[in-house]
Amino acid sequence: MAHLLRLDSSARGANSQSRALGDDFETAWLATPGRTVKRLDLAAAAPGHIENDTINGFYAQTMTPALIAATAQSDQLIADLQAADHLLITTPIYNFGVLSALKAWIDQVVRIGKTFSYDGQSFKGLVKADSATAIIAYGAQGYLNDGPLAGADFCAPYLRFLLGFLGVGQVDVIGLEGTTGDVAVLEAQTAAVRAQIADAAMDRRVA
């Protein structure tokens, strides 16, 4: 049995292109009997931003009641992450980077001794999932395939690096461009991306 942790971050709900594509991935994932999914809607219930006590708790040798309370959300989100065999992130790109709700989740789960370690010389990722898929919706054309906006994409490279840092060995990024552009062009591109997503989910069925 393999378990999927799905993170949705778009604020657009039923109008979200990235969420709709995530539904396609989830449907393909669940086509294999015994597969499970846990969904976290980061837009509907955004993780709290880390505060001073949160950071102190991340590095504390002795946990006080206040530090335990300050790191409780981090503990739960990390438990969700460490239970996953595969991670699915669906997100649009806002202002060239990741959404604040997704960044808040990242800040809660990137934690020394829990999801990465440091021995004084090098870092090691401790996340158990060996693969992840990020589905990203781009409002404009030109971000993918070395297009003119490729250098302005601080979402896909960031997610690749971050997940790799945490120990995820394979990170696949699937992008849909032009979500605010011509409807006919978008429909054609969406069909192609859906085929790509089906293939990606199929590749993950052998865990």
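Residues numbered from 1 in each chain as written. Predicted model: local features only at pLDDT ≥ 70, side-chain atom pairs only at ≥ 80, totals over all residues. Heavy atoms only, no water.

*Asks:* Any chance you could break down the overall build of the protein for me, citing the residues and the numbers?
*Replies:* Scanning the protein from terminus to terminus reveals 7 helices and 7 strands. Starting at the N terminus and walking to the C terminus, you meet the elements of the protein as β-α-β-α-α-α-β-α-β-β-β-α-β-α. A compact globule built from 207 residues should have a C-alpha radius of gyration of about 17 Å, and the protein, at 18 Å, falls within 12% of that. Taking the principal axes of the C-alpha coordinates as reference, the protein spans close to 60 × 40 × 35 Å. (Helix = DSSP H or I, 4+ residues; strand = E, 2+ residues; numbered from the N terminus. Rg over C-alpha atoms; globule rule 2.2 N^0.38 Å.)

*Asks:* Residues and numbers for a nonpolar patch on the surface, please.
*Replies:* A contiguous nonpolar patch, built from Ile-50, Ile-55 and Tyr-59 and spanning about 270 Å² of accessible area, is present on the exposed surface. A relative accessible area of 53% means that Tyr-59 is categorised as exposed. (Patch = residues over 30% accessible without salt bridge, like charges linked within 9 Å, V, L, I, M, F, W, Y side chains within 5 Å. Areas by Shrake-Rupley, 256 points an atom, 1.4 Å probe, with all protein chains shown as cover. Salt bridge = Lys/Arg side-chain N within 4 Å of Asp/Glu carboxyl O. Buried < 20%, exposed > 50% of the residue type's maximum accessible area, 1.4 Å probe, protein only.)

*Asks:* Go over the packing of aromatic side chains, please, and point to the residues and values.
*Replies:* In this structure the tally under the stated criterion is 6 aromatic pairs. Ring centres 5.2 Å apart and planes at 50° place the aromatic pair Phe-116 and Phe-165 in the tilted group. Placement of the pair is Phe-116 in strand S4 (residues 116-118) and Phe-165 in helix H6 (residues 156-165), with a sequence separation of 49 residues. Its relative accessible area of 9% is what places Phe-116 among the buried residues. Summarising the aromatic geometry, the rings of Phe-161 and Phe-165 are spaced 6.4 Å apart at their centres and angled 20° between planes, so their arrangement reads as stacked. Of the two residues, Phe-161 and Phe-165 both sit in helix H6, 4 residues apart, roughly one turn of that helix. Three or more aromatic residues joined by ring pairs form one cluster here, namely Phe-116, Tyr-118, Phe-123, Phe-161 and Phe-165. Lying across the ring of Trp-29, Arg-35 places its NZ or CZ 4.1 Å from the centre. (Phe/Tyr/Trp six-rings, centres within 6.5 Å; stacked < 30°, edge-to-face > 60°. Lys NZ or Arg CZ within 6 Å of the ring centre and 35° of its normal.)

*Asks:* For the environment of Ala-134, give the residues involved together with the corresponding values.
*Replies:* Here Ala-134 shows up in strand S6 (residues 131-137). In this structure, the C-alpha to C-alpha distance between Ala-134 and Leu-102, residues 32 residues apart in sequence, is 12 Å. Once you skip the residues sitting within four places of it in the chain, Ala-134 turns out to touch Ile-89, Leu-159, Asp-172, Val-173 and Ile-174. (Contact = heavy atoms within 4.5 Å.)

*Asks:* So what's going on with the pairing of strand S3 (residues 86-92)? Residues and values would help.
*Replies:* Of all 7 residues making up S3, 7 are buried, and the element is well covered by its neighbours. Alternating residues of S3 divide into His-86, Leu-88, Thr-90 and Pro-92 and Leu-87, Ile-89 and Thr-91, and every residue in both groups is buried. With 7 bridges joining them, S3 and S6 adopt parallel strand pairing. In the sheet register, Pro-92 faces S6, and the bridge partner there is Ala-137. (Pairing = 2+ DSSP bridges.)

*Asks:* How would you sum up the sheet that holds strand S1 (residues 3-8)? Please name residues and give values.
*Replies:* Judged by pairing direction, the sheet is parallel, and its 5 strands sit side by side in the order S2-S1-S3-S6-S7 without closing on themselves. Both outer strands of the open sheet, strand S2 (36-41) and strand S7 (170-176), are each paired with one neighbouring strand and no more. The average undirected angle you get between the axes of adjacent strands in this sheet is 15°. Of the strand pairs in this sheet, S1 and S2 are connected by 6 bridges, and their pairing is parallel. Residue Asp-8 lies in a different strand from S2, and its bridge partner there is Asp-41. (Axes fitted to C-alpha atoms, helices over the stretch in contact; angles between N-to-C directions.)

*Asks:* Quick one: what's the story with the packing of helix H4 (residues 72-82) against helix H5 (residues 100-109), residue by residue and with numbers?
*Replies:* For the pair H4 and H5, the least separation of the axes is 8 Å and the interaxial angle reads 95°. Taken together, H4 and H5 sit at an angle that is classed as roughly perpendicular. Within the contact between the two elements, H4 uses Gln-73, Ser-74, Leu-77, Ile-78 and Leu-81 and H5 uses Trp-105, Gln-108 and Val-109. (Parallel < 35°, antiparallel > 145°, perpendicular 65-115°, else oblique.)

Read these as geometric descriptors, not functional statements.
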